[in-house]
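Each chain, letter by letter, is given below.
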Amino acid sequence: MTPAPSLPREQHASPARLFADHAARTPDTAALVHPDADRTEPDGRAAYTTVGYAELAATVAACAAGLEAHGIRRGTRTALLVPPGGDLLTLVLAMLHVGAVPVVVDPGMGLERMLDCLRRVRVEAFIGVPKAQVLRRLRPRAFAGVRSSVTVGGPDGTALRRLIAAGAGRPPLAPAPTGPDDLALIGYTTGSTGPAKPVEVTAGMLLAMARGSEEAHFTDAERTTLVTMPLMGVFDLVAGRTVVVPRMDMARVGAADPASLADAVRRFGVDAMFASPALLAPLAAHLAATGAPVPSLRLVISGGAPVSPALLAGLRAVLPGEARVFSTYGATEALPMALLESREALADAADGPAAGLGVCLGRPAPGMAVRTVAIGDDPLPRWTPGLAVPPGEMGEIVVSGRAVSPRYFRAERADADHKIQDGDTRWHRTGDVGWIDEQGRIWFCGRKSQRVRTPEGDLHTVRCEGVFNAHPRVRRTALVGVGPRGRRRPVLCVELAPGTGREQWPRIEEELRALGADHPMTKPVADFLVHPAFPVDVRHNAKIRRELLAGWAEDRLTGGRRPSAADLALRAVPLAGWAYLAAWPLLPWEHPVLTALWWVDAFLSVVVHAAQIPAALRAEQERATARRPSATAALTMLFGATWWRRARGGAKGGAS
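Since the model is a prediction, treat every value here as computed from it, not as a measurement.

Draft legend 1. Broad picture of the pattern of salt bridges. Here the structure, examined in full by the defined rule, presents 37 salt bridges. In this structure, arginine 298 and aspartate 271 form a salt bridge, with 3.8 Å as the shortest nitrogen-oxygen distance. Taken together, the residues span a long stretch of sequence, with arginine 298 in the loop between helix H10 (277-290) and strand S12 (299-302) and aspartate 271 in the loop between helix H9 (258-267) and strand S11 (272-275) at a distance of 27 residues. With relative accessibility at 25%, the residue arginine 298 sits in the partly exposed group. Residues glutamate 344 and arginine 441 are paired through a salt bridge, measuring 3.1 Å at the closest nitrogen-oxygen approach. Placement of the pair is glutamate 344 in helix H12 (residues 342-345) and arginine 441 in the loop between strand S19 (425-436) and strand S20 (442-447), with a sequence separation of 97 residues. Given the relative accessible area of 22%, glutamate 344 is considered partly exposed. If you follow the salt bridges from partner to partner, you end up with Glu344, Asp348, Arg363, Asp437 and Arg441 in one network.

Okay, structure coming up:
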């Protein structure tokens, strides 16, 4: 594979300078293709707008000047609450151009956690859509340090255009001089398997991430990419490729319309794309069902969660024969760490999950060193002889390289827990458990924080789940632990394959027991529970939130937490209110106090209870109760917040 020559080898080049250089060399090349608002073509397909490199570079420079006029300058930590898409790419490039530091937080982690993340970083500026600006005013404590605020977005995008127009009238700005150790952005982890942590991404790390992805995956032939994750769009523009942003909600990739994605691939001759398994699975199914070819698509990169052999095989069946499909292993702190091409994954590595070996992640990415160390929860401040475990033995995966974040932002405890100093080198502890085989390939066996610690020893989630996932009527499984810490009871939650009726569950359960009995590591699993739809992370819609399933499983096995006398008394209040409403024919309506009380009761019982339904739905989703939304809405209308707020506060979690 010949690496594309788009990224020069000098270590001190900045991403903003590289993008500007591409615009100077190839001004007429298409840089960005994005949906034209909600406009459609006469045939009903999404309408798109194409922006060339020269035009985009001029827009970015003007936007950078506009930001500087608003006080957003070099080093300004700036909360960026803008939906993924073309506007976000423009703003990120403009911030890199001026040297400001975007602070990127996943809104899907929940409002309170997101606000806490922004408060801890002490953001100094704010760029957001109108809804985000309303949030800033309603919750000022999280934005106490904000001195500059910019509104963008809106239905017609005029706010961003005004910012760009204001900047265009100012003296042009050259890309800010940036050293490799300068802070480029702060990206929060999703917090799907632990507390969200603020990752420092330096300019050198950002460039190394782009270069590592380039050398690992791309050749000169791939020049047009479909972007479903904004950071990858920045990498592509730094490399001089054409970025196609499809019409989709990047915050809900699992809900993307595969027909629209396939149309964008064919219409613009897309030859490469990056996406999570949650998006690739319906896309592969759509292409297989319609038989419509995508002859230009020669490179598919998947990340965010392990890719099953079935999905890799499904993609290979609908793509051109020469296409390459990669499963990529990475994290917010380091990307990419390892990669595996589908041909190797479907050969000898394909049998690994069912054999209880875990999921093969492939070999280290260019510029990365990967080892495993003894599994433990205590900090490892310095690398010592004997810390690494030999190949073939289970350990925690650690990684070092230029594309690895050197530290967390003002988070000494997180640094102590996740960084190991080795002379001038820093190793990052991924929190993932796995082993390295004799070929140098990395095998992933689960998250360290999600291992189930039983009296007989630790059970690792992905390693055990692979055995049960081999059942043909099972879509996926999740191993969780319930009970006291260190003496967990292993429970397997099961999500059935589409089209499998619940009446088949007794037979499937017995077959799963037989599968588990054939492997020493899965023999301790004696409890099996069927769940309609696992909760997953927001960023990739693929990582199973086992800590939520653990609470659900414990409730199922113990009969749930019985309401206390105080709970029952509290729930009697809204019931009494409904009874008073029903008694309206018997009320003396000439009595003003009783009449006013009836109208107040009607407002509380109908309007206020209805307004609490969205919060109740979020609480139920957070607890992964598998209750139908209609049932949640009915209970909220009947009891208001009295039935779910206590439950949300007492949600169980953890697998240790």
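Here the narrative resumes, following the displayed structure.
Draft legend 2. Up close: the sheet that holds strand S7 (residues 183-188). Pairing is mixed across the open sheet formed by 6 strands, whose spatial order is S6-S5-S3-S4-S7-S8. Looking at strand neighbours, the two that pair on one side only are strand S6 (148-151) and strand S8 (198-202), the edges of this open sheet. The mean angle between the axes of side-by-side strands here comes to 20°, regardless of whether they run parallel or antiparallel. Alignment of strand S3 (residues 77-81) against strand S4 (residues 101-104), held across 3 bridges, turns out to be parallel. Within the sheet, the bridge partner assigned to threonine 78 lies in S4 and is proline 102.

Draft legend 3. Representation of the environment of glutamate 456. Along the chain, glutamate 456 falls in the loop between strand S21 (452-454) and strand S22 (457-459). Classification of glutamate 456 by relative accessible area gives exposed; the value is 68%. Each C-alpha atom of the pair glutamate 456 and glycine 431 lies 22 Å from the other, and the pair is 25 residues apart in sequence.

Draft legend 4. Seen up close, the environment of glycine 179. Considering the arrangement of structural elements, one finds glycine 179 in the loop between helix H6 (158-168) and S7. You can call glycine 179 partly exposed: its relative accessible area is 23%. Distance from glycine 179 to valine 318, taken between C-alpha atoms, is 44 Å for residues 139 residues apart in sequence.

Draft legend 5. Fine view of the nonpolar core. Ranked by internal contacts, the top residues of the largest apolar core, which has 124 residues, are Leu67, Ile127, Met273 and Leu319. Among the elements that take part in this core, helix H3 (residues 86-98) stands out by supplying 9 residues, more than any other. Those residues in contact with leucine 319 that sit more than four places away from it in its chain are Val294, Leu297, Val300 and Val325. Listed in part, the 23 residues of the second largest apolar core include Leu81, Cys117, Val121 and Ile186.

The rules behind these values
Residues numbered from 1 in each chain as written. Predicted model: local features only at pLDDT ≥ 70, side-chain atom pairs only at ≥ 80, totals over all residues. Heavy atoms only, no water. Salt bridge = Lys/Arg side-chain N within 4 Å of Asp/Glu carboxyl O. Helix = DSSP H or I, 4+ residues; strand = E, 2+ residues; numbered from the N terminus. Buried < 20%, exposed > 50% of the residue type's maximum accessible area, 1.4 Å probe, protein only. Pairing = 2+ DSSP bridges. Axes fitted to C-alpha atoms, helices over the stretch in contact; angles between N-to-C directions. Core = buried A, V, L, I, M, F, W, Y, C linked by side-chain atoms within 4.5 Å. Contact = heavy atoms within 4.5 Å.

Nothing here speaks to function; it is geometry throughout.
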